[in-house]
Amino acid sequence: MKIIRKVFAVGYSAIIILFTCCALALICFAVLELWHGVNPGAALPLRERFNAVLESIGLLTIAVVALELGQTILEEEVRREVQVSSPTRVRRFLSRFMVVVVVALSIEFLVAVFELAHEDASRLPQAATVGIAAGVLLAAWGFFIRMNRSAEELEPEAMEEAKSEDSKLA
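Predicted, not measured: the structure shown is a model, and the values here were computed from it. (Residues numbered from 1 in each chain as written. Predicted model: local features only at pLDDT ≥ 70, side-chain atom pairs only at ≥ 80, totals over all residues. Heavy atoms only, no water.)

A. The arrangement of the overall build of the chain in detail. When helices and strands are tallied, the chain shows six helices and zero strands. Evaluated residue by residue, the chain yields a buried proportion of 28% over its 170 residues. Partitioning the intrachain contacts of the chain with sequence separation of at least 6 by distance along the chain shows that 70% fall at a separation of at least 24. When the accessible surface of the chain is split by element, carbon and sulfur atoms take 71% of a total near 10800 Å². (Helix = DSSP H or I, 4+ residues; strand = E, 2+ residues; numbered from the N terminus. Buried < 20%, exposed > 50% of the residue type's maximum accessible area, 1.4 Å probe, protein only. Contact = heavy atoms within 4.5 Å. Areas by Shrake-Rupley, 256 points an atom, 1.4 Å probe, with all protein chains shown as cover.)

Here it is, written out as structure tokens:
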């Protein structure tokens, strides 16, 4: 069993490294895109500069998601070395993931609305679906938390254990 846990730890570590590499690549792309938008030597119309800055924001948002997912996997799967089996752990893991996804979708929605409002307003309903998806995910996440509140009350020791692990990881 210890060998299997080591194999999973190596697998999770590889995923964390790949998430980090992807985030770093996206950050580099965002810097290049931002420079394209603000480069004073380039003769670009203001609309193209604006779109380049917005694209940079979108790339940085995805980079943040990749970094946050890598950090979540590191903290929840590698450093804790415990199984995600109790309702408290599942709720905490899912909550960390959902925060990242909802925030990223919301930012992408705003970027899409700004771009499409000036370029092709007929595609705004497509952008709205991203905003609706973010809202539905947020509502579903809130419903999940509310419905699982009773599980937290049934196992207060698991919540205390999770909080004590947080202070050890900090």
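Okay, back to it.
B. Structural context of the state of the cysteines. Under the criterion given, the structure shown has zero disulfides. In this structure Cys-22 is a free cysteine whose sulfur lies 7.0 Å from that of Cys-21, the closest cysteine sulfur available. (Disulfide = S-S within 2.5 Å.)

C. Molecular detail of the packing of aromatic side chains. Scanning all chains against the criterion turns up one aromatic pair. Centre to centre, the rings of Phe-8 and Tyr-12 are 6.5 Å apart; their planes meet at 35°, and the pair counts as tilted. Note that Phe-8 and Tyr-12 are positioned in helix 1 (residues 2–38) at a spacing of four residues, about one turn of the helix. We classify Tyr-12 as partly exposed; its relative accessible area is 25%. (Phe/Tyr/Trp six-rings, centres within 6.5 Å; stacked < 30°, edge-to-face > 60°.)

D. Representation of helix 4 (residues 124–147) in the model. The first and last C-alpha atoms of helix 4 sit 34 Å apart over 24 residues, in line with the 34 Å expected at 1.5 Å per residue. Regarding helix 4, the residues found buried are Ala-127, Ala-134 and Trp-141. (Expected span 1.5 Å × (residues − 1).)

E. Structural view of the nonpolar core. Counting residues in each nonpolar core, the largest one holds six residues, listed as Ala-23, Leu-26, Ala-30, Leu-59, Ala-63 and Ala-66. Discounting residues that sit within four places of it in the chain, Leu-26 has contacts with Leu-59, Ile-62 and Ala-63. (Core = buried A, V, L, I, M, F, W, Y, C linked by side-chain atoms within 4.5 Å.)

F. Region of interest: the environment of Leu-105. With respect to the element layout, Leu-105 can be found in helix 3 (residues 87–119). By relative accessible area, which is 24% here, Leu-105 ends up partly exposed. A C-alpha to C-alpha distance of 5.7 Å links Leu-105 and Ala-134, two positions 29 residues apart in sequence. Non-local contacts of Leu-105, meaning those with residues more than four positions away in its chain, are made with Val-130, Ala-134 and Leu-137.

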